[in-house]
Amino acid sequence: MDERRGVVTLRISVIGTGYLGATHAACMAELGYEVIGLDVDASKLTALAAGILPFHEPGLPELLRKHVASGRLRFTDSYAEAAAAADIHFITVGTPQRADSQSADMSYVDGAVDSLLEHIIGQALIVGKSTVPVGTARRLTERIAANALPGSEITLAWNPEFLREGFAVKDTLTPDRLVYGLSDTEPHGFGLRKIREVYAPILERGTPEIVTDLETAELVKVAANAFLATKISFINAFAEVTETVGGDIKTLADAIGHDSRIGRRFLNAGVGFGGGCLPKDIRALQARVSELGLSHTMGFLAEVDQINLRRRDRVVSLASSMLGNELAGKHICVLGVTFKPDSDDVRDSPALDIAVRLYNAGADVSVYDPQGNKNAAGRFPRLHYVDSWQEAAKDTDIVLLLTEWQEFRNLDPMELGEVVSTRALIDGRNVLDRQAWRAAGWTITGPGEYFEVVNLAPGTAQLPLQVSHPA
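Residues numbered from 1 in each chain as written. Predicted model: local features only at pLDDT ≥ 70, side-chain atom pairs only at ≥ 80, totals over all residues. Heavy atoms only, no water.

Digging into empty space enclosed by the protein
Next, step 1: The tally for this structure, following the rule as stated, stands at 1 cavity of 30 Å³ or more.
Next, step 2: When its volume is computed, the largest cavity comes out at roughly 90 Å³.
Next, step 3: Lining the largest cavity we find Ala 104, Thr 131, Val 132, Pro 133, Val 134, Leu 219, Val 222, Lys 280, Asp 281, Ala 284, Leu 285 and Arg 288.
Next, step 4: No other element matches helix H12 (residues 278-291), which puts 5 residues into the lining of the largest cavity.
Next, step 5: Here the residues of the lining of the largest cavity are counted per class, giving 8 nonpolar, 1 polar and 3 charged. (1 Å grid on protein atoms, 1.4 Å probe; cavity = no way out; pocket = protein on both sides within 12 Å on 5 of 7 lines; lining within 4 Å. Points joined across faces, edges and corners; volume = space filled by probe spheres on them. Helix = DSSP H or I, 4+ residues; strand = E, 2+ residues; numbered from the N terminus. Nonpolar A, V, L, I, M, F, W, Y, C, P; charged D, E, K, R; others polar.)

Things to note about the sheet that holds strand E4 (residues 88-91)
Whether parallel or antiparallel, the strands of a sheet pair through hydrogen bonds between backbone atoms.
Next, step 1: Strand order in the open sheet formed by 8 strands is E3-E2-E1-E4-E5-E6-E7-E8, and the pairing between neighbours is mixed. Two strands close off the open sheet at either side, each with one partner strand: strand E3 (73-76) and strand E8 (209-212). Shown here is a sheet whose adjacent strand axes are inclined to one another by a mean of 25 degrees, direction ignored.
Next, step 2: Bridge count between strand E1 (residues 11-15) and E4: 4 bridges; the pairing is parallel. Directly across from Ser 13, in E4, lies its bridge partner His 89.
Next, step 3: Its contacts with the sheet place helix H1 (residues 19-30) against E1, strand E2 (34-38), E3 and E4, and it is angled at close to 170 degrees to E1. (Pairing = 2+ DSSP bridges. Axes fitted to C-alpha atoms, helices over the stretch in contact; angles between N-to-C directions. Contact = heavy atoms within 4.5 Å.)

Quick look at the pairing of E1
Next, step 1: Of all 5 residues in E1, 4 are buried; the element is thus mostly enclosed.
Next, step 2: Inspection of the sheet shows E1 paired to E2 by 5 bridges, in the parallel sense. Bridge assignment links Val 14 to a residue of E2, and that residue is Gly 37.
Next, step 3: On the question of chirality, the crossover connecting E1 to the parallel E2 by way of H1 is right-handed. (Buried < 20%, exposed > 50% of the residue type's maximum accessible area, 1.4 Å probe, protein only. Right-handed = clockwise from strand over helix to strand, strands pointing away.)

Some points on the packing of aromatic side chains
Next, step 1: By the definition in use, this model includes 6 aromatic pairs.
Next, step 2: Ring centres of Phe 234 and Phe 238 lie 5.1 Å apart, and the angle between their planes is 50 degrees; on these two criteria the pair is classed as tilted. Of this pair, Phe 234 and Phe 238 are both found in helix H10 (residues 214-245), 4 residues apart, which corresponds to roughly one turn of the helix.
Next, step 3: When its relative accessible area of 35% is taken as the criterion, Phe 238 is described as partly exposed.
Next, step 4: Ring centres of Trp 437 and Trp 442 lie 5.3 Å apart, and the angle between their planes is 70 degrees; on these two criteria the pair is classed as edge-to-face. (Phe/Tyr/Trp six-rings, centres within 6.5 Å; stacked < 30°, edge-to-face > 60°.)

Overview of H10
Next, step 1: With 32 residues, H10 ought to run about 46 Å at 1.5 Å a step, and its terminal C-alpha atoms sit 48 Å apart, in line with that.
Next, step 2: The sharpest bend along H10 comes to roughly 30 degrees, located at Val 220.
Next, step 3: N-cap assignment for H10: the residue whose side-chain oxygen lies 3.2 Å from the backbone N of Glu 215 is Asp 213.
Next, step 4: A positive backbone phi angle near 100 degrees is found at Gly 246, which sits one or two residues after H10. (Expected span 1.5 Å × (residues − 1). Bend = angle between axes of the 7 residues up to and from the residue. Polar contact = N/O pair within 3.5 Å; in protein donor to acceptor, adjacent residues only side chain to side chain.)

Some points on the nonpolar core
Next, step 1: By size, the foremost hydrophobic cluster in this structure holds 41 residues, and its most contacted members are Ile 12, Val 35, Val 198 and Tyr 199.
Next, step 2: At 8 residues, H1 tops the list of elements feeding residues into this core.
Next, step 3: Excluding residues within four positions of it along the chain, Val 198 makes contact with Leu 10, Ile 12, Met 28, Leu 31, Tyr 33, Ile 88 and Phe 90. (Core = buried A, V, L, I, M, F, W, Y, C linked by side-chain atoms within 4.5 Å.)

As structure tokens, then:
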């Protein structure tokens, strides 16, 4: 009982305390609810109970510690305890790509639901937030009906998440929309009534609410990711054109971005997308529609994936060209290996993949990332990881900026120029002022630029990149 408000506080469990689960649990506690987080990893639970996160997410450690201390948030490895402590259960476990196919591995979702069914007594709501193949929720509804304990009344809803790494707390507490699918969408149905109770503080602020069926709710997340991946690869496909014939990819993006039907966001040519969602989700979507006999429907996503991977090839080829077509023995500085800034996530990171390719070609690669070194070293320990950009850039033949951390955006070209052997730079995210860097003696280029490589003999003062356009 919340004595201050005279109402019963909602009791929520969050099954799975990875990135999504830990964020959701802490934010539900912030909304004022009693929350219990469940995980099978004992070491993770110990760390979370101490207010320590196993990943980097701005603002979340403070929220976690606040509500562990307040008593609103606690953790367990017992499904029996979670079932007894709550009547609304959020499923936030992972759905990684299977090792033997592009399909999503549903074993964690199925296992979480089955384990809850062994202990839930009475009326309860299970809310899926994990990204799953369409048809999963309908299948689980049948599974629940067949395996629930006698006398139990369990409703299933699907509530996709739309978190951006680096903004997860904001996206949970102030989302741009709430979507939930139910088999029964009647306004007075148990499932819809309870999920609206959960999100009441957010709905009161006028947040758009979309109530739909299970299948649509499942498709919303993968459709959003497929669209974003397509938009990113679209502008990178045009970058391939401007790299060949000339043109300004930024101006091109600005020009079409003014069209309200298109918009400017996600139209930045670069080294491509990565992370734990977009690549996995578009491949899982292709696999699922193929299972449904609709492989031709999403065939374009295969090319989206290929365009994305070609950007990595392009950067490696560009570095080789700028180094006289010889990578072996060259000293290369890589700034950033996470797939995006404000994250320590290196899953399917184009930046890390490029660094590894350069190493495999015989280069000596020094890496600095403000948050990603540890995770990158866990995946590929043979790179030389250092603790500052100064150390990474010392006496290097070329610098590659591959993740647009603010620290790198703010680099002074003269200060960096005093450290390197050769003032040559590939701006893989197109975030640096070309004029300022060339005025400081740097040869600099990036995705979408047509160029001819000038002589890059060792020295601190290099001619600016000579750009010419074919007749």
